[in-house]
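Report on the structure
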Amino acid sequence: NLGVHINESVHNYSDFRAFGITQEGAFFTMTFIPVKRFSPALSIYFSGTDGEKIVDIVGKHLPMEKLKLDFIDKAMRKLHF
């Protein structure tokens, strides 16, 4: 497995330096932090039932970092962007 498959797109693990997990109610968000400074982060939402399995798979390819959400990130999440 070379990366994350979303529909017809493949996002290679090599494009990211790390990932982090945040929780919003019953759902979790895995955010991939890009290697390139101005590239957008990739966020994937999942339920807690598969969380451990997903983190284990991705953790074999990328280190996990604690995410710090800034004001803009928090506002965008509340507005569901």
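The paragraphs below set out a description of the structure included in this document. (Residues numbered from 1 in each chain as written. Predicted model: local features only at pLDDT ≥ 70, side-chain atom pairs only at ≥ 80, totals over all residues. Heavy atoms only, no water.)

Re the environment of Y45
What counts is decided by this rule: Numbering of helices and strands runs from the N terminus, with a helix taken as a DSSP run of H or I at least four residues long and a strand as a DSSP run of E at least two residues long. Exposure is judged per residue with a 1.4 Å probe applied to protein chains only, and the accessible area is read against the type maximum: over 50% gives exposed, under 20% gives buried, and values in between give partly exposed.
Relative to the helices and strands, Y45 resides in strand 5 (residues 42-47). By relative accessible area, Y45 is classed as exposed at 53%. Expressed as a C-alpha distance, the spacing of Y45 and T31, which sit 14 residues apart in the sequence, is 8.8 Å.

Description of the sheet that holds strand 4 (residues 27-34)
Rules: Strand pairing is defined by DSSP finding a minimum of two bridges between the two strands. Helix axes are fitted to C-alpha atoms over the stretch in contact, other axes to C-alpha atoms as well, and angles between N-to-C directions run from 0 to 180 degrees.
Strand order in the open sheet formed by three strands is 3-4-5, with antiparallel pairing between adjacent strands. At either end of the open sheet lies a strand with only one pairing partner, and these are strand 3 (16-24) and strand 5. The average undirected angle you get between the axes of adjacent strands in this sheet is 20 degrees. Sheet topology places strand 4 next to strand 5; six bridges connect them, and they run antiparallel. Bridge pairing links M30 to I44 in strand 5.

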